[in-house]
2 protein chains.
Amino acid sequence: MAKERVTVVDIARAAGVSKSTVSLVLQGSSLVNETTRAKVNAVIRELGYVYNRSAANLRQAKSKIIGIVVNDLTNSFFAELAVGVDAVVQSAGFVQFLANTGEKIERQREVIASMREHGVSGLIISPARGTEVRDLAPLVASGIPVVLVVRDIAEAGVSSLISDNHAGAMAAVRHLIERGHRRIAFLGGFPDTAVFEARMRGYRDALREAGMPTPDELIIGSAPSRAGGVTAIEQAMMLKERPTAALCFNDAVAFGVCDGLRARRLEPGADFAVIGFDDVIEAKTAVPALTTVSVDPQGMGDRAAQLLLKQINAGRAEPEAIVSPVRLVVRQSCGGTVERRVKEISS
Amino acid sequence: MAKERVTVVDIARAAGVSKSTVSLVLQGSSLVNETTRAKVNAVIRELGYVYNRSAANLRQAKSKIIGIVVNDLTNSFFAELAVGVDAVVQSAGFVQFLANTGEKIERQREVIASMREHGVSGLIISPARGTEVRDLAPLVASGIPVVLVVRDIAEAGVSSLISDNHAGAMAAVRHLIERGHRRIAFLGGFPDTAVFEARMRGYRDALREAGMPTPDELIIGSAPSRAGGVTAIEQAMMLKERPTAALCFNDAVAFGVCDGLRARRLEPGADFAVIGFDDVIEAKTAVPALTTVSVDPQGMGDRAAQLLLKQINAGRAEPEAIVSPVRLVVRQSCGGTVERRVKEISS
DNA sequence: CTTAATAATTGGAACGTTCCAAGTTCGTCA
DNA sequence: TGACGAACTTGGAACGTTCCAATTATTAAG
């Protein structure tokens, strides 16, 4: 059953031309005569030829593979990001290598190395928690185009595309203040991440702007997951002075917060205002529909891929740091029976 | 900035050995002297050598890449499946190529072709809807190990790993019957898929077994998504004889059904019993926690990867069709007994 | 001290493509 | 008729590895 591999030479022989001509046909060159091309293509189909990219690559040293490294594929934000990347990358004739690091630096190191060995022409990375400049240094030094998404790493010397976490958080908190809330919590997320830091700063700045205090007890970290949201809201409700609203680190946390509220017989939206962050697909259809800061993961993936392709084509480009604007999508979970509206925030 | 690539020959020269020795070191061969190995490794690190897999696999025709093709990465079931595959594949020293077909046959054809060109040593495929034997024929003929997951394709002549949809659906419906339900709906999913067909048959068989009628009006298809669940339950509640319970095509649909119930001021679990299928991560933490047929996507990915690796190592193996057992996980969404609930509603 | 066995190393021929410089046809123009 | 160029076609040298057979260095045995 182990058939011999059919190569360009076999095709050439069968079609009565030289291997060079076959190669030209494979590349769609305009140099080759129409009838020759047809004949070669016919033979290719007939013999079931499969192009060997390893061989091609070896010769031309550019691979049509781009790599995408995400820190948590089970989080649908990243899955959607990957889908966004995939779409543009595929239509540009590239194929995507996807790896999941599960937030493990060591794994991340391995997969990046592996991708380099496979000769990827560019890399989109959503870094694992705790990634440092030196983790990326060899990669950057090699000159392979890299785009960091979601989490930026200062001084890494590569392009990045992150959402405007600070402005988004401010907008959300301002909205809660406008609705009359005075005790607003910030729930969920790991405090040692840049994203947490930016969102939390936005939260603080909005409170300060309104001349309101920012008690530390109202900032409660947790795993950035649904389960984390449950524990965070539980902790918040143990306070003697309970909050009446919360900005959550992300949508997963926000859903968990809603779950936790219901477990205490409180109705999210009615008895307690909840705002999420990211606008994952389920945010729209959940009950109550989640008010959230929309980040559009697929759109981000799309833009990241565009940026990467641009750099690949340009050869060598200056790194750009793009901050992607973000908008507050007001739905039901932040209370009342408000008409749905959308606030644009420019960054 | 475009540095010259450093190759084994450069390493050999710098270390004062031959390229063959360097190659041996790279492969961790025991043939090479300890001090030589150390010296070579030092030079490798010093020069920042990157192994060129294209060249290697050109020579040895086996690639350490396995491909995974999924039909919908935004569905967390498949994302988790991919994570499960990734884990075992990585620890076996392989790297995974992941592509998302978005249920498009054409795209699926392209990505499979692309993976073959890259010389993958095996492929795990969750086929797009409507995939036929002939779509896979050339792949199968090539002798590359293939494992189909989630959706089987009869007569394709490759291994498959699917969950026991029929038994799972039966168990779920039996459970609802035991709780006293008499009008049980089957909600969501596309009727023209094998998975739908199997789950629906299980639903029917359980009803028949209990001597209950199976009215077609209670079987309502929809997109297998949260939004689909909302529309399906709405349609079900328009019936003059409403159901009191539903087995849903999958968890996403079940969540949508819960959303739809709440929109009608009905509490899932208390006023209406909902059972899902798949047991995605959120099922456990949702409120109410979702009763569901547990399929354990990561475990399936794990097993699929094992199966594939076995075939890769065995060279040529007989295709196996594995039906993965499934269990009903009873949580809160299927509520108490109907008697009690009826009382509560009428009082 | 020779010989055999073992351990370590090595040069060169693959692998299947692309690219280059050079070749062949063939029609056209003077 | 011959020269010229356009339109194709082509042989062979890369590309960076691995693998084989062969070589050299080292140790053990006689």
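What you see is a predicted model, and the numbers here were worked out from it, not measured in a lab.

Rules used in this analysis
- Residue positions within a chain follow its written sequence, with the count starting from 1.
- Chain A is the first chain written and ligand 1 is the first ligand written, with later ones labelled in order.
- Totals for whole chains, interfaces and linings use every residue, but because this is a predicted model, local features are given only for residues with pLDDT of at least 70 and side-chain atom pairs only at 80 or more, for both listing and counting.
- Excluding hydrogens and water, the side-chain figures rest on all heavy atoms present in the structure.
- In these notes, residues near a molecule or strand are those with any non-hydrogen atom within 4 Å of it.
- Polar contacts, as used here, are pairs of N or O atoms within 3.5 Å; protein pairs need one atom able to donate a hydrogen and one able to accept it. Residues neighboring in sequence count only if both atoms are side-chain atoms.
- Helical segments are the DSSP runs of H or I of at least four residues, strand segments are the runs of E of at least two, and each set is numbered from the N terminus.
- Gly falls in the polar group here, along with every residue not listed as nonpolar (Ala, Val, Leu, Ile, Met, Phe, Trp, Tyr, Cys, Pro) or charged (Asp, Glu, Lys, Arg).
- If DSSP finds at least two bridges between two strands, the strands pair.
- Every residue gets a pLDDT, meaning the predictor's confidence in that residue, from 0 to 100.
- We call two residues in contact whenever any of their non-hydrogen atoms come within 4.5 Å of each other.
- Each Phe, Tyr or Trp ring, with Trp reduced to its six-membered ring, pairs with another whose centre is within 6.5 Å; inter-plane angles below 30 degrees give stacked pairs, above 60 give edge-to-face pairs, and intermediate values give tilted ones.
- Two limits define a charge over a ring: the Lys NZ or Arg CZ must be within 6 Å of the ring centre, and within 35 degrees of the ring normal.
- Here, nonpolar core refers to any group of buried Ala, Val, Leu, Ile, Met, Phe, Trp, Tyr and Cys residues whose side-chain atoms link them within 4.5 Å.
- Accessibility here uses a 1.4 Å probe with only protein chains present; expressed as a share of the type maximum, an area under 20% marks a residue as buried, one over 50% as exposed, and anything in between as partly exposed.
- Summed over both partners, the accessible surface that disappears when two parts come together, traced with a 1.4 Å probe, is what is meant by buried area.
- The working definition used for a salt bridge is a side-chain nitrogen of Lys or Arg within 4 Å of a carboxyl oxygen of Asp or Glu.

S.K.: Outline the protein's contact with DNA strand C, supporting the account with residue identities and numerical values.
M.R.: If you check the shell around DNA strand C, you find 27 residues, and the closest are V8, S23, Y49 and R59 of chain A together with T36 of chain B. Of all atoms in DNA strand C that approach within 4 Å of the protein, 61% are sugar or phosphate atoms. Between DNA strand C and N52 of chain A, the relevant distance is 3.5 Å, taken from a phosphate oxygen to a main-chain nitrogen or oxygen of the residue. In the environment of DNA strand C, a base oxygen lies 2.7 Å from a nitrogen or oxygen atom belonging to the side chain of S20 of chain B. Elements with a minimum of two residues in the surface near DNA strand C: helix 2 (19–26) and helix 4 (53–60) of chain A together with helix 2 (19–26) and helix 4 (53–60) of chain B. Take the surface near DNA strand C: its biggest share by element is five residues, from helix 4 of chain A. Broken down by class, the residue content of the surface near DNA strand C amounts to eleven nonpolar, eleven polar and five charged.

S.K.: Can you explain the sheet that holds strand 9 (residues 273–278) of chain B? Please cite residues and give values.
M.R.: Residue and element names in this part refer to chain B. The sheet built from six strands is open, its strands ordered 7-6-8-9-10-12 with mixed pairing. Single-partner strands in this sheet number two, and they are strand 7 (219–220) and strand 12 (327–329). Relative to strand 8 (residues 245–248), strand 6 (residues 184–187) is paired through four bridges, and the arrangement is parallel. For A185, the partnering residue across the bridge sits in strand 8 and is A246.

S.K.: Mind laying out the protein's contact with DNA strand D, listing which residues take part and the relevant values?
M.R.: Surrounding DNA strand D, one finds 28 residues, the nearest of these being S20 and T36 of chain A together with S23, Y49 and R59 of chain B. Looking at DNA strand D alone, sugar and phosphate atoms form 63% of those within 4 Å of the protein. Contact distances for DNA strand D include 2.8 Å between a phosphate oxygen and a backbone N or O atom of S18 of chain A. One of the side-chain N or O atoms of S20 of chain A is found 2.7 Å from a base oxygen in DNA strand D. Elements supplying a minimum of two residues to the surface near DNA strand D: helix 2 and helix 4 of chain A together with helix 2 and helix 4 of chain B. If one sorts the elements of the surface near DNA strand D by residue count, helix 4 of chain B sits on top with five residues.

S.K.: Provide a residue-level description of the confidence of the model for chain A, including the pertinent values.
M.R.: Low-pLDDT portions of the prediction should not be read for the details of their coordinates. Across chain A, pLDDT averages 89, with 96% of residues at or above 70. In the predicted structure, residues 337–347 of chain A sits below a pLDDT of 50 and forms 28 contacts with residues beyond four places in sequence or in another chain.

S.K.: Go over the packing of aromatic side chains with me, naming the residues and quoting the values.
M.R.: What describes a pair of aromatic rings is the distance from one ring centre to the other and the angle between the planes of the rings. Residues and elements named next belong to chain A. For the structure shown, the criterion picks out nine aromatic pairs over all chains. Plain terms: the ring middles of F186 and F196 are 5.3 Å apart, the flat faces sit at 90 degrees to each other, and that makes the pair edge-to-face. Highlighted residues: F186 in strand 6 (residues 184–187) and F196 in helix 9 (residues 194–209), separated in sequence by ten residues. Chaining the aromatic ring pairs together yields one cluster made of F186, F196, Y203 and F249. Its end group placed over the ring of F190, R129 keeps NZ or CZ at 3.8 Å from the ring centre.

S.K.: Lay out the nonpolar core with the relevant residues and their values.
M.R.: Ranked by internal contacts, the top residues of the largest apolar core, which has 153 residues, are I124 of chain A together with I124 of chain B. If sequence neighbours within four positions are ignored, I124 of chain B has contacts with I66, G67, I68, V69, V85, V147, V149, A304, A305 and L308 of chain B. Core analysis: the next-biggest nonpolar cluster, separate from the first, contains 38 residues, F97, M115 and L139 of chain A together with V146 of chain B among them.

S.K.: Residues and numbers for the interface of chain A and chain B, please.
M.R.: Across the boundary between the two partners, chain A contributes 47 residues, which contact 48 residues of chain B. Of the roughly 4,300 Å² buried between chain A and chain B, counting both surfaces, carbon and sulfur atoms make up 59%. The interface formed by chain A and chain B includes two salt bridges. E117 of chain B is the partner of R53 of chain A in a salt bridge, and the nearest nitrogen-oxygen pair spans 2.4 Å. Remark: the boundary between chain A and chain B carries four residue pairs in polar contact (both at pLDDT 80 or more). When residues of the side of chain A that touches chain B are traced back to their parent elements, those giving at least two are helix 4, helix 5 (76–91), strand 2 (95–100), helix 6 (105–117), helix 10 (226–237), helix 11 (251–263) and helix 12 (282–285) of chain A. Here the side of chain A that touches chain B takes seven residues from helix 5 of chain A, the largest share from any one element. Considered class by class, the residues forming the side of chain A that touches chain B number 21 nonpolar, twelve polar and 14 charged.

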